[in-house]
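# Examination of the molecular architecture
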Amino acid sequence: MTTYGVLVFDDAEELDFTGPWEVFHTSAVLRGQGDDAVLVAEGSGPVRCKRGMRILPDHSLDDHPPLDVLLVPGGEGARLTQPHNPVVTEWIAKTAEQADWVHGVCTGAFLLHAAGPARGHRVATHWAHEDELEALGDVTVVRDARYVVDGNVLTSQGVSAGIDSALWLVGHLHGREHARAVRRAIQYDPAPPYVADTPS
């Protein structure tokens, strides 16, 4: 049984966690072995995310089940606010010690740096904030990989890259064929109509 804990907070980027959430829940359904994904927040009330979506957590920081995977999304909350919230950073540090995997998406790497798990590791983050993260020190920012695995720390580039990293994780945990089945179930086969210019 695998339990995925997804941390949510004000100004979290929605797709940073809803994309992996879809992967984790689809994986759980396909496996049928009691896997679960839960939303965890500092309090029990609604959380307002970066784009205005309101999320109701399943658990607070002190009443969740043991987590095998801890996912930390990005957004302004992860980069600017929560790194200065000792309640959250201390909880991340403690939970990361007990979890098998720590998974950061986009600028969630900033919050993982503040809490400790990203320090001394190779990490990925959103391209627009790579220099800012690297300037914090004690971290190596990988700029040419959609996601990075270093020990039990998995981080991804921005927003949609969280889906890729989540698929890698369920494949690592439960096998490549399972990950392929999850990918097919959610019909994840990116084919954007307009290719973005590569930042110079």
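Report on the accompanying structure. Position labels on residues start from 1 in each chain and follow its written sequence. Given that this is a predicted model, residues contribute local features only at a pLDDT of at least 70 and side-chain atom pairs are listed and counted only at 80 or more, while totals for whole chains, interfaces and linings are drawn from all residues. With hydrogens and water excluded, all non-hydrogen atoms of the structure serve as input to the side-chain values.

For the protein, the helix and strand inventory stands at seven helices and eleven strands. Relative to a compact globule of 200 residues, whose C-alpha radius of gyration would be 16 Å, the protein shows 16 Å and is just as compact. Referenced to the eigenvectors of the C-alpha coordinate spread, the extents of the protein come out at roughly 45 × 40 × 35 Å. Burial status follows relative accessibility: with a 1.4 Å probe on protein chains alone, a residue under 20% of its type maximum counts as buried, one over 50% as exposed, and anything between as partly exposed. When burial is assessed residue by residue, the protein has 50% of its 200 residues classed as buried. Contacts were defined at the residue level, with two residues in contact if any of their heavy atoms lie within 4.5 Å. Sequence separation of 24 or more characterises 64% of the internal contacts of the protein that already satisfy a separation of 6 or more. Counting from the N terminus, the helices are the DSSP runs of H or I reaching at least four residues and the strands are the DSSP runs of E reaching at least two. All radius of gyration figures rest on C-alpha atoms, and the globule criterion is 2.2 Å times the number of residues raised to 0.38.

A few words on the environment of Glu-90. Relative to the helices and strands, Glu-90 is located in helix 3 (residues 86–98). When its relative accessible area of 56% is taken as the criterion, Glu-90 is described as exposed. Between the C-alpha atoms of Glu-90 and Gly-116, which are 26 residues apart in sequence, the distance is 9.0 Å.

Attention now moves to helix 4 (residues 108–115). The element helix 4 is extensively covered by neighbouring structure, given that seven of its eight residues are classed as buried. Among the residues of helix 4, those classed as buried are Gly-108, Ala-109, Phe-110, Leu-111, Leu-112, His-113 and Ala-115. Downstream of helix 4 by a residue or two, Gly-116 has a phi angle that is positive, lying close to 120 degrees.

Our next topic: the state of the cysteines. The disulfide definition used here is simple: a pair of cysteine sulfur atoms within 2.5 Å. Enumeration over the complete set of coordinates arrives at zero disulfides. Free of any disulfide, Cys-49 has its nearest cysteine sulfur in Cys-106, 13 Å distant. What makes Cys-106 buried here is its relative accessible area of 5%.

So, about the packing of helix 6 (residues 161–174) against helix 7 (residues 176–185). In this analysis, axes come from line fits to C-alpha atoms, helices being fitted only over the stretch in contact, and the angle between any two N-to-C directions falls in the range 0 to 180 degrees. Direction vectors running N to C along helix 6 and helix 7 enclose 145 degrees, while the axes themselves pass 7 Å from each other. Viewed along their axes, helix 6 and helix 7 form a crossing whose handedness is right-handed. Here helix 6 contributes Leu-167, Val-170, Gly-171 and His-174 to the contact with helix 7, which in turn contributes Arg-176, His-178, Ala-179, Val-182 and Arg-183. Should the near helix be turned anticlockwise from the far one by less than a right angle, the crossing is left-handed, and should it be turned clockwise, the crossing is right-handed.

So, on to the layout of surface pockets. Only protein atoms enter the calculation, which uses a 1 Å grid: trapped sets of points that fit a 1.4 Å probe without letting it out are cavities, open sets showing protein on both sides within 12 Å along at least five of seven lines are pockets, and any residue with an atom within 4 Å of a point is a lining residue. Grid points are joined across faces, edges and corners, and a volume is the space filled by probe spheres set on the points. Each pocket or cavity is described by its volume, and for the second largest pocket that value is around 170 Å³. The wall of the second largest pocket is formed by 13 residues, among which Glu-13, Gly-75, Cys-106, His-126 and His-129 lie closest to the centre.

Within strand 1 (residues 3–7), five of the five residues are buried, which leaves it mostly tucked inside the rest of the structure. Burial along strand 1 is two-sided: the face carrying Thr-3, Gly-5 and Leu-7 and the face carrying Tyr-4 and Val-6 are both buried. Sheet analysis places strand 1 next to strand 2 (residues 36–41), joined by five bridges and oriented parallel. When the bridges of strand 2 are listed, Leu-7 appears paired with Val-40. The pairing criterion is simple: DSSP has to find at least two bridges between the two strands. Here strand 1 runs beside strand 6 (residues 69–72); their pairing, made up of three bridges, is parallel.

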